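Below, each chain spelled out in residue letters.
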Amino acid sequence: MQSSENNQVSSYTEEITLFADVIVPVAVPNTFTYRVPREYAASITTGLRVIVQFGKTKVVTAIIARIHNKPPEKYHAKYILEVLDDAPLVNTKQIELFYWIADYYMCTVGEVMNIALPSGLKISSLSKVQFNPSFDTPELLTEREVEIIDELKKHQSLNYDELARFAEVKNVYHIIKSLIQKKAIIVFEEVREKYSPKILKKIRLNAFYEDSSYLTALIGELEKTPKQLDVILNYLKYVPVLRTPELNKKGLEKSALTKANVSESSLSTLLKNGILEQFEVIVSRFEEDLDFVEAPTPILSSAQESAFTEIMQSFQEKDTTLLHGITGSGKTEVYIKLIEQVLESGSQVLYLLPEIALTTQIVVRLRKVFGDKMGIYHSRFSDNERVEVWKGVVSGKFQFIVGVRSAVFLPFDNLGLIIVDEEHETSYKQFDPAPRYHARDVAVVIAHRQKAKVLLGSATPSIESFYNAKIARYGFVEMKERFGNTQLPDIELIDIKTARKQKLTKGDFSNMMLDTMGLNFEKKQQTILFQNRRGYSPYIQCEDCDTIVACPNCDVSLTYHYSNQELRCHYCGHREPMSKTCQACGSAKLKTRGYGTEKLEEELQLFFPTAKIARMDLDTTRTKTAFQTLINEVESGEVDILVGTQMVSKGLDFEKVSLVCVFDADRMIHFPDFRSSERAFQMLTQVAGRAGRRGTQGKVLIQTNNPTQKILKQIIENDYEGLYQDEIKEREDFQYPPFTRIIKITLKHIDQPNAEKAAKALALQLIEKLGTQRVLGPEKPLVERVRNQYLFEILIKLEKAINLKGAKTFIAEQVQNIELSKDFKGVGIVVDVDCG
DNA sequence: AGCACGCCGACT
DNA sequence: GTCGGCGTGCTC
């Protein structure tokens, strides 16, 4: 792993002092140079984690980015305190990637490191104070200090927080400083590794008794103590020592014995007498997972087979290929064959999925084929588990990773293939905090650097990717048939406006939608009702004075959540109990307005009292188990109608869903954003794709106020090409991606005029060099105030031909200008490159 | 970012 | 004089 450069330097270590430039996990622009202690000189390499003192109080985990022998000129380098790893946990390719990301997405390498490494790999330090036992001048102490010292004597040590709580002061620092001066206390750093390996307690029989005559003798002897005999017999039941003595080496989990209802005290007696022995092993957190049934590689249909061949051909010429396969075309089987092929060639494979899709059936399916070669990297996993996956990639245990966005940071060094499934998904873009990276785009960069191939898969590709395929930058493969010859669902529009006029509605449901749902229920088929809005109702209005209850911190209405009778802000998380009366006029006539999933669930229950109705949204799937339970219930057919947000449209395949109803299509279509048509098409096509599997054609009903909208026609006819042509023309006319790159700068301040002034000043500076064509705004965003901060946005469009690096440097300078300016104190600025 | 340091005003 | 508040600048 050591680079030749490092080796060369290391061989002179007798005379030369080494220095290491390290990345610290902080939002500071530079790397920092530390001195390598002599004892580490021979073994130090890039990619090792080290512990360093950073600033006066912090001790942090850093990564070695470079090793050299030039002492810094302007300051004395501090020593590296400790080296944490024997072999690099971060490889050179990753470090280069960190720099690329920092550069491209306009943030610091430290911020990249912070997001890239699971927190279990970032040791934290706590400053602790301890009473100095050789303290002998108590007369110097003030009364208060004596109290603190007395408290400190009671404990081995206390950290700052604990001390502050006891002393009942906000800033404990003064006191600590004074006590250090008087030599009454000692301050030390407690460094603590967050990752803790999973330890299993095991029991085995003393090897002495592996001999049959001794074992028989033992059993005879234990006749007197039946409880102990019981323990031994139980052990032998699991581990037949005589037949398979090698199993005895591995022993048995202690918990297996205790679960078998044996006497605990007898067990400890046996241990004490040396008949049984206890030992500990470090185990993988994933081993329990491994009772998978190895399934044969799926047999591909002829359409899948030819898609596979085409992809392989495409990879001959292109590094990236877009697979456009309609919903239900069976892309997964094609992926599996590709993955197998690449793994056989000895290269690593990364399969990226959006957050929600990962929890579902796909993982089970992949596990069956790839078993323990496959690692899963998911945000719902604990940090310890993520560290194990990271280490598993380093050690080569995991050649294949299925993961979410952040899996692009894993320490691959030999990737052969990256699959980005559902590549159009917006959750691949990170919004907060920095780095605001797009995992699909980063994947393409990684692949390029590791000479790997990328397969982007989607039924509804992003306009950008489709464009790249059109101009032949990407290869292109299509799958136009649904697997098993199932037809695409029949989509029908319902003109809700006309229906309302003709009084053919109940609530905001058209009779037609309700009737169809009813019929479907009678046929014992499942229905999905899609409404992309959680909660009961998006706002509450007073009938007398028209006041709408708003969030105190943001400029949005509060959403009413029925389940716990509270109002919630979906922007800042503010919660307040639902009040019975209007806070403005005292009237009791408060009305819920608009429809969220909760309200639809409630209304449907009234319409269909005997149906089992379930709801799937953020609120019902907070935990891993809740999510899985719900999926199981739907899969087993217990649930008749599933009401849900966009969650129901992603990666879920339910056999018996034959009807999909979209409650309100218009809100999505008219969202004020240049991507709204694309998004609406994607979302409605994906949710429609849930209807009908295995030979039966599904039905989709969409309620809209305006059924003549062109995009709806395109959705009905599954005319992606048509959508693309419309969109790409518009994007070209108005200079949006893929013809430009967009950088969004958001400025925040508690006072709106201040935010506006700063935004205007920044825009002016930007325009000076970039011109009014490229700089738009500043403008108030849709929601003007979030978390008590007023927002202004500037949009920068950079054409592809521009010197991107130069432009970004200029933008960064101007942003810094504003940040440092005395006129705009307290203005927060966020730069988002390629904003969604 | 996080935090010490320094200056300033309030209060015993 | 001591304590806390807030603005400023640095971190190898």
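Just so it is clear, the model here is predicted, and its values are computed rather than measured.

Rules of the game
Residues numbered from 1 in each chain as written. Chains lettered and ligands numbered in written order. Predicted model: local features only at pLDDT ≥ 70, side-chain atom pairs only at ≥ 80, totals over all residues. Heavy atoms only, no water. Helix = DSSP H or I, 4+ residues; strand = E, 2+ residues; numbered from the N terminus. Buried < 20%, exposed > 50% of the residue type's maximum accessible area, 1.4 Å probe, protein only. Contact = heavy atoms within 4.5 Å. Lys, Arg positive; Asp, Glu negative; His and termini not counted. Charge placed at Lys NZ, Arg CZ, Asp CG, Glu CD. Near = heavy atom within 4 Å. Polar contact = N/O pair within 3.5 Å; in protein donor to acceptor, adjacent residues only side chain to side chain. Nonpolar A, V, L, I, M, F, W, Y, C, P; charged D, E, K, R; others polar. Pairing = 2+ DSSP bridges. Axes fitted to C-alpha atoms, helices over the stretch in contact; angles between N-to-C directions. Disulfide = S-S within 2.5 Å. Salt bridge = Lys/Arg side-chain N within 4 Å of Asp/Glu carboxyl O. Parallel < 35°, antiparallel > 145°, perpendicular 65-115°, else oblique. Left-handed = near helix turned anticlockwise from the far one by under 90°.

Our next topic: the overall build of chain A. Assigned secondary structure in chain A consists of 29 helices and 36 strands. Oriented by its inertia axes, the alpha-carbon framework of chain A measures out at about 90 × 80 × 70 Å. By the burial criterion, 51% of the 836 residues in chain A qualify as buried. In chain A, once contacts between residues fewer than 6 apart in sequence are set aside, the share between residues at least 24 apart is 75%. For chain A, the distance from the average position of its 107 positive side-chain charges to the average position of its 110 negative side-chain charges is 2 Å.

In this section: the protein's contact with DNA strand C. Taken together, 15 residues are adjacent to DNA strand C, and Thr33, Gln53, Gly55, Tyr75 and Lys78 come closest. Atoms of DNA strand C within 4 Å of the protein belong to the sugar or the phosphate in 56% of instances, the rest to bases. Within the side chain of Tyr34, a nitrogen or oxygen atom sits 3.1 Å from a phosphate oxygen of DNA strand C. Within the side chain of Lys78, one N or O atom sits 2.6 Å away from a phosphate oxygen of DNA strand C. Elements with a minimum of two residues in the surface near DNA strand C: β2 (32-35) and β3 (49-54). Looking at the surface near DNA strand C element by element, the count peaks at three residues for β2. Tallied by class, residues from the surface near DNA strand C come to seven nonpolar, four polar and four charged.

Moving on: the side chain of Thr321. For Thr321, the location among the structural elements is in strand β12 (residues 320-325). Within the structure, Thr321 has its side chain in polar contact with the side chain of Ser314 (distance 2.5 Å). Dropping the residues within four chain positions of it, Thr321 is found in contact with Ser314, Phe315, Val454, Leu455, Leu456, Gly475, Phe476 and Val477.

Moving on: the sheet that holds strand β5 (residues 82-83). The strand order β2-β1-β4-β3-β5 describes an open sheet built from five strands, whose pairing is antiparallel. Single-partner strands in this sheet number two, and they are β2 and β5. Pairing analysis gives five bridges linking strand β1 (residues 19-23) to strand β4 (residues 58-68), with the strands arranged antiparallel. Its bridge partner being in β4, Val22 is matched across the sheet by Ile64. Its contacts with the sheet put helix α3 (residues 92-104) on β1 and β4, and the angle it makes with β4 is roughly 105°.

What follows concerns the environment of Val109. Mapped onto the elements of the fold, Val109 is located in helix α4 (residues 109-116). It is 8.2 Å that separates the C-alpha atoms of Val109 and Val24, two residues lying 85 residues apart in sequence. Residues contacting Val109, with those up to four places away along its chain left out, are Ile23, Phe98, Tyr99 and Ala102.

Moving on: the sheet that holds strand β25 (residues 566-568). Taken in spatial order, the three strands line up as β24-β25-β26 in an open sheet, and their pairing is antiparallel. Strands with a single pairing partner mark the edges of an open sheet, and in this sheet they are β24 (559-561) and β26 (575-577). Across this sheet, the average inter-strand angle for adjacent strands is 30°, counted without regard to direction. Relative to β26, β25 is paired through three bridges, and the arrangement is antiparallel. Opposite Arg568, over in β26, you have Arg575 as the bridge partner.

The tally for this structure, following the rule as stated, stands at zero disulfides. Between Cys545, a cysteine without a disulfide, and Cys585, which holds the nearest cysteine sulfur, the sulfur-to-sulfur distance is 3.6 Å. In this structure Cys545 comes out as partly exposed when scored by relative accessible area, which is 31%. Here Cys585 stays unpaired: no disulfide links it, and the sulfur of Cys542, its closest cysteine neighbor, is 3.6 Å away.

Applying the stated criterion across every chain yields a total of 39 salt bridges. Note that Glu305 and Lys337 form a salt bridge whose closest N and O atoms lie 2.9 Å from each other. Taken as a pair, Glu305 in helix α13 (residues 302-317) and Lys337 in helix α14 (residues 331-344) lie far apart in primary sequence, 32 residues in all. Note on Glu305: relative accessible area 29%, which makes it partly exposed. Bridged by salt links that share partners, the residues Arg534, Glu566, Arg568, Arg575, Asp619 and Arg622 form one connected network.

To characterise two packed helices, one gives the angle between the axes of the helices and the distance between these axes. With their axes 11 Å apart at the nearest point, α3 and helix α18 (residues 439-449) run at an angle of 140° to one another. Taken together, the axes of α3 and α18 lie oblique to each other. As α3 packs across α18, the resulting crossing turns out to be right-handed. Judged by residue contacts, Glu96, Leu97, Trp100 and Ile101 of α3 engage Val442, Val445, Ile446 and Arg449 from α18. Along the lines of polarity and charge, the residues of the contact of α3 with α18 split into six nonpolar, no polar and two charged.

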